[in-house]
Amino acid sequence: MTPMDDSGDKPRSARSTGSARLTDVARVAGVAPMTVSRALNRPELVSESTRLRVQRAVLETGYVPNRVAGALASSRSRLVALLVPTVAHSLFAEVVQTVMGALSSQGYQVLLGLVGYTPEQEETILETVLSRRPDGIVLTGCRHSALTRQRLKAAEVPLVEIWDMTDDPLDMLVGFSHEAVGRAVAEHLLSRGYRRFGIISADDSRAKLRVAGFVSGLERAGIGEYQLREVGTPSSMPWGREKSAELLDRHALDAIVCSSDILALGVLSEAQSRGLTVPGQLAIMGFGDSSYAAASFPALSTVRIDGAAIGLRAAEHLLQRMAQPTFERAGQILDVGFEIVDRDTT
């Protein structure tokens, strides 16, 4: 016996959920079902007026696309995985927002994964992500475990690594050199006359690269002595204050360089609590140009990274590659650079 719908007026398939179908959307929009499919999955292939008609019909009917069936039929999931360490930092939040906006406008859904700062956590989340057969991946950093690299190479999925720089990307790369940031900060502070340095850095790999670049810049100037303190991730203002107190109690410093703005604010707080003038007695340098850096008193000197540009370029590269019928590694590298922001603390 064929089941009836709730009103008892009309039979429906035993496999039906009772929800609107693509043909219902086509009828309301006055277009062919194929046109509805294109408007939902490849909106760039239809006119703006048709896309709007289909959108209105979707709203009117309450239609929800069956992504599972679509993926089985087309071998495309319309899913992109975006893996970042955290969204607590405004820079990564900016990347997430930009990538999601660019991809969703082209009919892709973004699966956000927070991989933290350890290779083990990245491995675990990536295994789950790849099991969902994404059409593309945006992955933070270029330093991965051997297992992660093996899985990504075997998956043959368009991939953009971001927020780092290497001569040998897995596929595509949009980022900047952390070593170059460190060297530039050293050159900037040395040019201001500072010579006795403390460093407070998170213990993640990219922060360590900036420290290495900074130390390299000091060594080029003949300065081999500096004081380093490491903290865990994510960084915090209390850690900045605690480690700067430790440094200032034991060493005569005229500048402290931090791996993030939030650590630098902790240093600023400690300096002010001791009655030190900034930058007269102590210069302070952050990283990231967070929204509060310019609003601190005195205004925090820092390094500006254009997170929105990184996200947009990554999304553009990925969309171009996912539109190609066959997979082929691109090897594209885009260095977006950075900017030293010299404010009142230096």
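Calculation notes
- Residues numbered from 1 in each chain as written.
- Predicted model: local features only at pLDDT ≥ 70, side-chain atom pairs only at ≥ 80, totals over all residues.
- Heavy atoms only, no water.
- Axes fitted to C-alpha atoms, helices over the stretch in contact; angles between N-to-C directions.
- Helix = DSSP H or I, 4+ residues; strand = E, 2+ residues; numbered from the N terminus.
- Parallel < 35°, antiparallel > 145°, perpendicular 65-115°, else oblique.
- Left-handed = near helix turned anticlockwise from the far one by under 90°.
- Contact = heavy atoms within 4.5 Å.
- Nonpolar A, V, L, I, M, F, W, Y, C, P; charged D, E, K, R; others polar.
- Pairing = 2+ DSSP bridges.
- Phe/Tyr/Trp six-rings, centres within 6.5 Å; stacked < 30°, edge-to-face > 60°.
- Buried < 20%, exposed > 50% of the residue type's maximum accessible area, 1.4 Å probe, protein only.
- Lys NZ or Arg CZ within 6 Å of the ring centre and 35° of its normal.
- Salt bridge = Lys/Arg side-chain N within 4 Å of Asp/Glu carboxyl O.
- pLDDT = per-residue confidence, 0-100.
- Patch = residues over 30% accessible without salt bridge, like charges linked within 9 Å, V, L, I, M, F, W, Y side chains within 5 Å.
- Areas by Shrake-Rupley, 256 points an atom, 1.4 Å probe, with all protein chains shown as cover.

Q: What's the story with the packing of helix α6 (residues 119-131) against helix α7 (residues 146-155) in this structure? I'm lost.
A: When two helices pack together, their arrangement is captured by the angle between the axes and the distance separating the axes. Orientation of α6 relative to α7, taken along the N-to-C sense of each, is 20 degrees, at an axis distance of 10 Å. As the angle between them shows, α6 and α7 are arranged roughly parallel. For the pair α6 and α7, the crossing hand works out as left-handed. In this structure, α6 uses E122, E123, L126, E127 and L130 to contact α7, whose residues at the interface are L147, T148, R151, L152 and A155. Residues of the contact of α6 with α7, tallied by class, amount to five nonpolar, one polar and four charged.

Q: Help me understand the sheet that holds strand β6 (residues 197-202), please; the structure alone is not making it clear to me.
A: Strand pairing in a sheet is mediated by backbone hydrogen bonds. Such pairs are either parallel or antiparallel. With parallel pairing, four strands are arranged side by side in an open sheet as β7-β6-β8-β9. Each end of this open sheet is capped by a strand with a single partner; those strands are β7 (227-231) and β9 (283-285). Going from strand to strand, the sheet's axes swing by 15 degrees on average, the running direction of each strand aside. Inspection of the sheet shows strand β8 (residues 255-258) paired to β9 by three bridges, in the parallel sense.

Q: Could you clarify how one ought to interpret the packing of aromatic side chains in this entry?
A: Any aromatic ring pair is given by two values, namely how distant the centres are and how the planes are angled relative to each other. Applying the stated criterion to the full structure yields three aromatic pairs. Look at F92 and W163: their rings are 5.0 Å apart centre to centre, the planes differ by 45 degrees, and that puts the pair in the tilted class. Residue F92 is located in helix α5 (residues 90-104), and its partner W163 is located in the loop between β4 (159-162) and β5 (172-175); the two are separated by 71 residues in the primary sequence. Since its relative accessible area comes to 5%, F92 is described here as buried. Ring geometry for W163 and F176: centres 5.4 Å apart, planes at 80 degrees, overall edge-to-face. Here the residue W163 occupies a position in the loop between β4 and β5, and F176 occupies one in the loop between β5 and α8 (178-191), the gap between them amounting to 13 residues. Accessibility classification places W163 together with F176 in one group, the buried group. An aromatic cluster of at least three residues, connected via ring pairs, comprises F92, W163 and F176. Seen from the ring of Y108, R78 lies directly overhead, with NZ or CZ sitting 4.0 Å from the centre. The ring of F287 has R210 lying over it, and the distance from NZ or CZ to the ring centre is 3.7 Å.

Q: Can you help me understand the pattern of salt bridges in this one?
A: Opposite charge on two side chains makes pairing possible when the charged atoms of those side chains draw close. Enumeration according to the criterion identifies 18 salt bridges in this entry. Residue D254 pairs with R196 through a salt bridge whose shortest N-O separation is 4.0 Å. Of the two residues, D254 is situated in the loop between α10 (237-250) and β8 and R196 in the loop between α8 and β6; the sequence distance between them amounts to 58 residues. Residue class for D254 comes out buried when judged on its relative accessible area of 12%. You can call R196 partly exposed: its relative accessible area is 45%. Between R304 and E339 there is a salt bridge whose closest N-O contact spans 3.2 Å. Placement of R304 in strand β10 (residues 302-304) and of E339 in strand β12 (residues 339-341) is noted, with a sequence separation of 35 residues between them. The class for R304 is partly exposed, based on a relative accessible area of 32%. Among the charged side chains, a network of salt bridges with common partners joins R241, D249, E270 and R274.

Q: Can you help me understand the environment of L253 in this one?
A: As for its placement among the helices and strands, L253 is situated in the loop between α10 and β8. Sequence-wise, L253 and A283 are 30 residues apart; in three dimensions their C-alpha atoms are separated by 9.0 Å.

Q: Please explain the sheet that holds β4 as it appears in this structure.
A: Strand order in the open sheet formed by six strands is β2-β1-β3-β4-β5-β11, with parallel pairing between adjacent strands. Looking along the sheet, the strands with just one partner apiece sit at the ends: β2 (109-114) and β11 (333-335). Taking the axes of each pair of neighbouring strands and ignoring which way they run, one obtains an average angle of 15 degrees across the sheet. Both β4 and β5 contribute to a ladder of three bridges, which runs parallel.

Q: Just to check I follow, could you spell out the confidence of the model for the chain for this structure?
A: Reading fine detail from the predicted coordinates is not recommended where pLDDT is low. The share of residues in the chain with pLDDT of 70 or more is 91%, and the mean pLDDT across the chain is 89. Note on residues 1-18: pLDDT under 50 across the span, and 12 contacts to partners over four residues away in sequence or across chains.

Q: Looking at this model, I keep getting lost on helix α1 (residues 22-29). Mind explaining?
A: Think of an α-helix as turning once every 3.6 residues; residues three or four places apart then point the same way. For α1, the full list of buried residues reads D24, V25, A26 and A29. Buried residues in α1 make contact with α2 (33-41) and α3 (48-61). Two residues or fewer past α1, G30 is found with a positive phi of approximately 75 degrees.

Q: What am I meant to see in a nonpolar patch on the surface here?
A: Together, V87, L112 and L114 make up an exposed nonpolar region whose accessible area comes to about 210 Å². Among the structural elements, L114 can be located in strand β2. A residue is classified by how much of its surface remains accessible, and L114, at 37% relative accessible area, is partly exposed.

Q: Honestly, unusual backbone geometry in this entry has me stumped. Any pointers?
A: What is expected of a backbone is that most residues other than glycine have negative phi and most peptide bonds are trans. With an omega dihedral of -5 degrees, the bond running from T233 to P234 counts as a cis peptide bond. Inspection of the secondary structure assignment puts P234 in the loop between β7 and α10. At W163, a residue that is not glycine, the phi angle is positive and equals roughly 70 degrees. The exposure class of W163 is buried, given its relative accessible area of 3%.

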